Amino acid sequence: ETTATATAAAAPTTTTTTEPYWDNANRRVVLHNVMKYLDTSKAKKFVEQIVEDCNNQNDNKDTVKIIVDKVRKPPRDSFMTVTLETTQMAQQFLDYIQNPDNNVVN
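Since the model is a prediction, treat every value here as computed from it, not as a measurement.

## Quick word on helix α1 (residues 40-57)
Move 1: Over its 18 residues, α1 runs 26 Å from end to end, which matches the ideal 26 Å to within 8%, given 1.5 Å per residue.
Move 2: All buried positions along α1 are accounted for by Ala43, Phe46, Val47, Ile50, Val51, Cys54 and Asn55. Buried residues of α1 fall within an arc of 165° about the axis and therefore sit on the same side. Of the exposed residues in α1, the ones pointing more than 90 degrees away from its buried face are Lys42, Lys45 and Glu48.
Move 3: Those residues of α1 hidden inside the fold are in contact with β3 (28-32), β4 (68-72), β5 (79-84) and α2 (87-98).
Move 4: One side-chain oxygen at the N-terminal end of α1 lies 3.2 Å from the backbone nitrogen of Ser41; it belongs to Asp39.

Conventions we followed
Residues numbered from 1 in each chain as written. Predicted model: local features only at pLDDT ≥ 70, side-chain atom pairs only at ≥ 80, totals over all residues. Heavy atoms only, no water. Helix = DSSP H or I, 4+ residues; strand = E, 2+ residues; numbered from the N terminus. Expected span 1.5 Å × (residues − 1). Buried < 20%, exposed > 50% of the residue type's maximum accessible area, 1.4 Å probe, protein only. Arc of directions from axis to C-beta. Contact = heavy atoms within 4.5 Å. Polar contact = N/O pair within 3.5 Å; in protein donor to acceptor, adjacent residues only side chain to side chain.

Quick look at the structure:
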């Protein structure tokens, strides 16, 4: 929740703006080069395996446990979108995938 304060000539007013619940663009990660005709259930298992590996690697560090909110794989495209619970999880997930030492392969 974000609070913005506006000062007017007569009296100060406070307005509260919240992020819409359907706006999850800042916690969405797009994975490219996924097998084109990967089944939806296999796509979910693939993401679960990546998340499990990431959480196991980050157990000893001061990090958040990654929790997947939604996985979407278009039927004939070679990408998938993974929506996580928070933006901090999204950044941590990106860092894990982009690290060449982790060797994330489908």
